[in-house]
Amino acid sequence: MNELSGATADNWVAICPLADIVPDTGVCALLGGRHVAVFRVGDAAPRVYAIDNIDPNAGASVLSRGLVGSIGERVVVASPIYKQHFDLASGECIEAPEHSVAAWPARVFADMVWVAL
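If you're wondering where the values come from, they're calculated on a predicted model, not measured in any experiment.

Trainee: Describe the UniProt feature "domain: Rieske" (unreviewed entry) in the protein, with residues and values.
Mentor: Listed under "domain: Rieske" (unreviewed entry) in the UniProt record, and renumbered for this structure, are residues 13–115. Counting secondary structure, residues 13–115 comes out at 0% helix and 51% strand; the distance between its end C-alpha atoms is 5 Å.

Trainee: How would you sum up the sheet that holds strand 8 (residues 74–78)? Please name residues and give values.
Mentor: Read across the open sheet, the three strands follow the order 7-8-9; overall the sheet is antiparallel. Looking at strand neighbours, the two that pair on one side only are strand 7 (67–71) and strand 9 (85–87), the edges of this open sheet. Put simply, the sheet's adjacent strands are angled 40° from each other on average, direction ignored. Where strand 7 lies against strand 8, five bridges are found, and the strand directions are antiparallel. For Leu-67, the partnering residue across the bridge sits in strand 8 and is Ala-78.

Trainee: Which residues make up the pattern of salt bridges, and what values do they have?
Mentor: Pairing of side chains with opposite charge becomes possible as their charged atoms draw close. Counting across every chain of the model gives four salt bridges. The residue Arg-34 makes a salt bridge to Asp-52 at a minimum N-O spacing of 2.8 Å. In this pair, Arg-34 sits in strand 3 (residues 34–41) while Asp-52 sits in strand 4 (residues 47–52), placing the two residues 18 residues apart along the sequence. Residue classification places Asp-52 among the buried positions, given a relative accessible area of 12%. Members of the salt-bridge network, linked through shared partners, are Arg-74, Asp-87 and Glu-92.

Conventions we followed
- Residues numbered from 1 in each chain as written.
- Predicted model: local features only at pLDDT ≥ 70, side-chain atom pairs only at ≥ 80, totals over all residues.
- Heavy atoms only, no water.
- UniProt positions renumbered as here; feature names shortened; annotations may be inferred.
- Helix = DSSP H or I, 4+ residues; strand = E, 2+ residues; numbered from the N terminus.
- Pairing = 2+ DSSP bridges.
- Axes fitted to C-alpha atoms, helices over the stretch in contact; angles between N-to-C directions.
- Salt bridge = Lys/Arg side-chain N within 4 Å of Asp/Glu carboxyl O.
- Buried < 20%, exposed > 50% of the residue type's maximum accessible area, 1.4 Å probe, protein only.

Following this line, the structure appears as structure tokens:
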């Protein structure tokens, strides 16, 4: 891949080097005034995900500090406050879909993690 595709180049924001995110954890980034949780899942062939960081159940910016795991085939993060699970691909709250969060395109390019808002 030689360029960021799938959105205009202006939409993509470099977050940090991939190596700065420990496998199966997240970090928080402030993008356009929005708190975004960015996750690295896996080590050998890492995947990256981005969802809103504000837990709608608690109103706190904490999802990036949650535990990453899976429910069936879904990769999720468990909120560190009330333990609801959020699907990292869609932002859906498994236990209460009405409390879902936004999910954002994320990818690795040139050893950097990029998110498009």
